[in-house]
Amino acid sequence: MKHLLILGAGTAGTMVANRMVRKLSLEEWDVTVVDPDTTHLYQPGLLFLPFGNHEESELVRARGTTLDDRVRWVQRPVLEIDGQARSVQLEGGDRLPFDLLVIASGSRIRPDLTEGLLGDAWQRSVFDFYTLDGAVKLRDALAKFRGGRVVINLVELPIKCPVAPLEFAFLADEFFKRRGIRDDVELTYVTPLDGAFTKPIASKRLGHLLQEKSVKVETEFAVGSVTDHEIVSFDERRVPFDLLVTIPTHSGAAFVERSGLGNELAFVPTDKHSLAAKGLENVFVVGDATDVPASKAGSVAHFEAETLIENLERAASGRELVSTFDGHANCFVETGNGKALLIDFNYDVEPLPGKYPLPGLGPFSLLEESKLNHQGKLAFRWIYWNGLLPGKPIPVPAQMSLAGKEQPAP
Amino acid sequence: MATKVYGGIAVEVDDEGFLKKATEWTPEVAKAIAVEVGIPALTDKHWKVLEFARQDTASSGQSPGPRRIVASAGVSMKELYELFPKGPGKLVARVAGVPKPKACL
Ligand SMILES: Cc1cc2nc3c(=O)[nH]c(=O)nc-3n(C[C@H](O)[C@H](O)[C@H](O)COP(=O)(O)OP(=O)(O)OC[C@H]3O[C@@H](n4cnc5c(N)ncnc54)[C@H](O)[C@@H]3O)c2cc1C
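An account of the accompanying structure is given in this report. (Residues numbered from 1 in each chain as written. Chains lettered and ligands numbered in written order. Predicted model: local features only at pLDDT ≥ 70, side-chain atom pairs only at ≥ 80, totals over all residues. Heavy atoms only, no water.)

All names here are of chain B. Counting buried positions along helix H5 (residues 88-96) gives eight out of nine residues, so the element sits mostly inside the fold. All buried positions along H5 are accounted for by Pro88, Gly89, Leu91, Val92, Ala93, Arg94, Val95 and Ala96. Tucked into the core, H5 has its buried residues touching strand E1 (2-6), helix H1 (27-36), helix H2 (44-60), helix H3 (66-72) and helix H4 (77-83). Immediately downstream of H5, the backbone of glycine 97 shows phi near 75 degrees, a positive value. (Buried < 20%, exposed > 50% of the residue type's maximum accessible area, 1.4 Å probe, protein only. Helix = DSSP H or I, 4+ residues; strand = E, 2+ residues; numbered from the N terminus. Contact = heavy atoms within 4.5 Å.)

This is the structure:
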C-alpha cells in the first residue's frame, strides 16, 4: 500500500483529502489526514460573531462529519517531518510513513511575538477575533462598551484574509450606530502599510468609504510594544486606546519550524505555480501554510487545490508536474449596512472593477458596493460546508479571467 | 508609467516611484533615490540591507518585509527604523529597486 499523508484538516486539507479518495485507486493508496482538533471552524464567520450576528454553534462542526468515510483521520498533533526518511513523527511517539505528503497546517496568530500584547490587558481591553475564543470574548466586551477610543491594529503582514481588519472597522461603525453610541466612539485603523488600501485602482475607488464611516487611519505604524492603554511604534509614535482589536503577527505551525522547513515565520518555501515544497521531493504545500505571495484565504486554498490535485495525481504516477496556479483570489469585502464589495485578482493583476463571474452580467459587482455582494458573502457559508469541503464542483474557474473586468488605459 | 533620471541614469518608474525593472538599478541610482526619500547618505548598514533585499527578491520572487530583513541582514528592528525612517518595508524596496511589498487591496 502507498500512503498519501495530509497534515492538517482545515479548509485545504479537508477539501484535498475528500477529492483525492475519488482520484486515486484505493487498492493502491490510502489517504490519511492528521489533525488533533475535534472540530472544524468556519473562520470567515469570526468576522461577524463579535457583533452578535452568529452563534458559536453555527460556525463549528464535528471534524468527523466533514471527512469522507474513506479518509482515515489520525487525531493527533504532528511533531516533526523527516523528509529523508519519508515519515512524520506524531506527538507521543508514533511515526507515519508517506509516499506523498501535503502540508496543510494553516497559519495561527502569535500575540507572543509582540512585546506586551499578552500583558494584563489581554482579553480585558485587548482582543483578537481570529480565534473562536477571542471573537467570543470580544463580543462580550463590545456588548458592554459604552464609548471611547476603539483601535483596530494590523500588526504585520502576512495575515489570513488581509481585508478582514478593514471589514471589522466598517462593521464596527454600523454596530455602534445601531446601538446609538457612534458619536461617543472614535474608530481608528492602524496599519503598517502606507494606506488602508494600497493598490492604486482600489484606493481611488474605495478611499471614500473610510471618510463616509468616519474611520481615522494611521499609516506606516509598525507596533513595537503594547501597554494597557496604548500601542507604541518602533519609531516611538503612540496611539492610545480604550479597546484594542489586534490582528497579531501570524506564523505557520510549530512542527514546520521544528522540521527546519519554514521561513522566518514558519511558512514553507513553495513553488508559487506548482505548489511543490522547494527542495523536497514528493512534498506539497497548500493553503495558509505556504509562503507564496497570494492572499491567505479559503478561496485561494480552493483555487490552489485544483493545481495540487492534478500534481498529486501526476506525482503518484511519476509524471511531470504542471505549473498552473496563478495566484487567483476572490474575496467579498463587507462594508456594513448590508453591503459588500467583491475583489478578484491574481499574482499579476490588481483588483479591477467589472462584473463577476459572468462578464457584463455578474451578478456580482467588482470593486463596488452592492447588497447582492453581501448576500454572496453570507451564502458562502452554505457553499463552504456543502460544496467546497466535500469537494463538489464549484462553477467558478480556478484561473483568473480578465473577461468582464475594466482595464485601465495603458 | 514615466522615466526619471537618478544619478545621471534614466530609469522607468511606476506611479509611486518604484523602479519597473530591477536590472536598471545601480548603486548610483540607489544613492539618488535615497536622497529623494530623505536619506542623505547611505552607510555600510544601509548597503547591507539593500543588498539583502535585492538578493532575496531575486531568489524568492518577492520583496522582503521588515521581519525578514531583520532576520537575515544583521540589523535590529530599531536600527532598521533609524536607517529607513517611517516605512522601512517600502523605503528599502524603493531604494533597492525592487517592487513595493504587496497587500491585496
Ligand atoms: C476572521 C477571518 C475571516 C476570514 N474570512 C475569509 C473570507 O471571507 N473568505 C476566505 O476565502 N477566507 C477567509 N478567511 C481565511 C480562511 O479561513 C483561511 O485562509 C483558510 O481556512 C485556510 O485554510 P488552511 O487549510 O490553509 O488552514 P486552516 O483551515 O486554518 O487549517 C489548518 C489545520 O491544521 C491543523 N493543524 C495545525 N497544527 C497542526 C499540527 N501540529 N498537527 C496536525 N494538524 C495541525 C489545524 O488544527 C487546522 O485544522 C478568514 C479567516 C479569518 C480568521
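Attention now goes to the site of the ligand. All names here are of chain A. Around the ligand, the structure places 29 residues, and the nearest of them are Thr11, Ala12, Asp35, Asp288 and Gly298. Between a nitrogen atom of the ligand and a main-chain N or O atom of valine 78, the distance comes to 2.9 Å. One of the backbone nitrogen or oxygen atoms of alanine 297 is found 3.4 Å away from an oxygen atom of the ligand. Here the ligand has 1000 Å² of accessible area as a free molecule, and 90% of this is covered by the chains. If you list the elements that add at least two residues to the shell around the ligand, you get helix H1 (11-23) and helix H8 (298-316). Counting only domains with at least three residues in the shell around the ligand, you end up with domain 1 (2-53 + 60-107 + 252-316) and domain 2 (110-250). (Near = heavy atom within 4 Å. Polar contact = N/O pair within 3.5 Å; in protein donor to acceptor, adjacent residues only side chain to side chain. Areas by Shrake-Rupley, 256 points an atom, 1.4 Å probe, with all protein chains shown as cover. Domains from an automatic or database assignment.)

One broad rule of soluble globular proteins: the nonpolar side chains tend to lie buried together. Within the largest apolar cluster, 96 residues are counted, with the highest numbers of intra-cluster contacts made by Leu4(A), Ile6(A), Phe129(A), Phe168(A), Phe176(A) and Leu312(A). Sort the elements by how many residues they give to this core and helix H5 (residues 164-178) of chain A lands first, with nine residues. Ignoring sequence-local partners within four residues, the contact set of Leu4(A) consists of Met20(A), Leu24(A), Trp29(A), Asp30(A), Val31(A), Thr32(A), Leu100(A), Val102(A) and Leu312(A). Within the second largest apolar cluster, 33 residues are counted, among which are Val49(B), Leu50(B), Ala96(B) and Val98(B). (Core = buried A, V, L, I, M, F, W, Y, C linked by side-chain atoms within 4.5 Å.)

Don't take any of this as a statement about function, it's just geometry.
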